[in-house]
Amino acid sequence: MRIDILTVVPDLLQSPFNHSILQRAKDKGLVEVHIHNIRDYSTDKHKNVDDYQYGGGAGMVMSIQPIADCIEKLKSERKYDEIIYMTPDGDVFDQSTANNLSRFKNLILLCGHYKGVDERVRQLYITKEISIGSYVLSGGELAAAVIADSIIRLLPGVLNDETSALTDSFQDDLLSPPIYTRPADYKGHKVPEVLLSGNFKKIEEYREEEAYRRTKERRPDLLK
Ligand code: 6GU
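Residues numbered from 1 in each chain as written. Predicted model: local features only at pLDDT ≥ 70, side-chain atom pairs only at ≥ 80, totals over all residues.

One can read the domain layout of the protein as domain 1 (2-152) and domain 2 (168-224). Summarising the inter-unit geometry, the C-alpha centres of domain 1 and domain 2 are found 37 Å apart. (Domains from an automatic or database assignment.)

Right, here's the structure in full:
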């Protein structure tokens, strides 16, 4: 998979992709992440990327020209499955969207900044709009990192234990059960006996029950 991220703050996106699982995915050649600085595409003599809003009002609007030129260049090089605009008024992101996007080959993520992009960018280029929740971020960059992470970890071969993405919270609409590692007794706080029993049927039952209990308590909305 190839992910192209368009931003006016490329520095914000360097670090997330150079660690841990995402770094390993890149090293294994399973994903390429390309960060593009929208400012590099500005034909304005001051390399401006934003301007005042027509009709008046506070806040700057990202101009169409540099974004359009960047997207046109990318589109001339390969076919994109989705061109996604990161915006608080988009569809709220969830695991099923992550699953769907992980099947694609080429994605563009456009990060909004300031008041957002000129509406014509959305009309002409954007095929999908995503929000990561009902709160406002300073820009779409952290949201783009969130969705890229959730997609990349689903690509076959990225996780060590191939089944481990399948047992994630949300993957079957349930939260994960509690987990423990050594020691079995920490200052009198003990690991549940069943997990030490070696009885795999009992262990599976315990985990299912606990996953259900936790979901009912914390996220009853997932059970509907
Ligand atoms: Cl995608 N962008 C911004 N700026 N704020 C958000 C968001 C995106 N999702 C939730 N809040």
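Having seen the model, we can carry on.
Around the ligand sit 14 residues, and of these Met 86, Pro 88, Ser 131, Leu 137 and Ala 143 come closest. Secondary structure elements with two or more residues in the shell around the ligand: strand 5 (82-92) and strand 7 (128-131). Among the elements that line the shell around the ligand, the one with the most residues is strand 5, at three residues. Partitioning the shell around the ligand into residue classes produces eight nonpolar, six polar and no charged. (Near = placed C-beta within 6 Å. Helix = DSSP H or I, 4+ residues; strand = E, 2+ residues; numbered from the N terminus. Nonpolar A, V, L, I, M, F, W, Y, C, P; charged D, E, K, R; others polar.)

The next thing to look at is the nonpolar core. Among the nonpolar cores identified, the biggest contains 43 residues, and Leu 109, Leu 110 and Ala 144 are the most heavily contacted of them. At the level of elements, strand 1 (2-7), strand 2 (32-37), helix 2 (64-77), strand 5, helix 3 (95-101), strand 6 (106-111) and helix 5 (141-152) are the ones that each hand at least two residues to this core. With seven residues, the single largest contributor to this core is helix 5. Setting aside residues no more than four positions away along its own chain, Ala 144 makes contact with Ile 5, Leu 13, Met 86, Leu 109 and Cys 111. (Core = buried A, V, L, I, M, F, W, Y, C linked by C-beta atoms within 7 Å. Buried ≥ 20, exposed ≤ 12 C-beta atoms within 10 Å, placed from the backbone. Contact = placed C-beta atoms within 7 Å.)

This paragraph deals with the pairing of strand 6. Counting buried residues along strand 6, five of its six residues qualify, which places the element largely inside the surrounding structure. Examined bridge by bridge, strand 1 and strand 6 share five bridges and lie parallel to one another. By the bridge assignment for strand 6, Leu 6 is matched with Leu 110. Summarising the sheet, strand 5 and strand 6 pair through five bridges and their orientation is parallel. (Pairing = 2+ DSSP bridges.)

The subject of this paragraph is the confidence of the model for the protein. Of all residues in the protein, 99% have pLDDT values of 70 or greater, and the mean over the chain is 95. Here the predicted complex carries an ipTM of 0.98, next to a pTM of 0.94. (pLDDT = per-residue confidence, 0-100.)

To continue, consider helix 2. Helix length check: helix 2 (14 residues) gives 20 Å between terminal C-alpha atoms against 20 Å at 1.5 Å per residue, within 8%. Buried within helix 2 we find Pro 66, Ile 67, Cys 70 and Ile 71. Mapping the buried residues of helix 2 onto a view down its axis gives an arc of 125°, with all of them on the same face. Relative to its buried face, helix 2 has exposed residues pointing more than 90 degrees away, namely Lys 73 and Ser 76. (Expected span 1.5 Å × (residues − 1). Arc of directions from axis to C-beta.)

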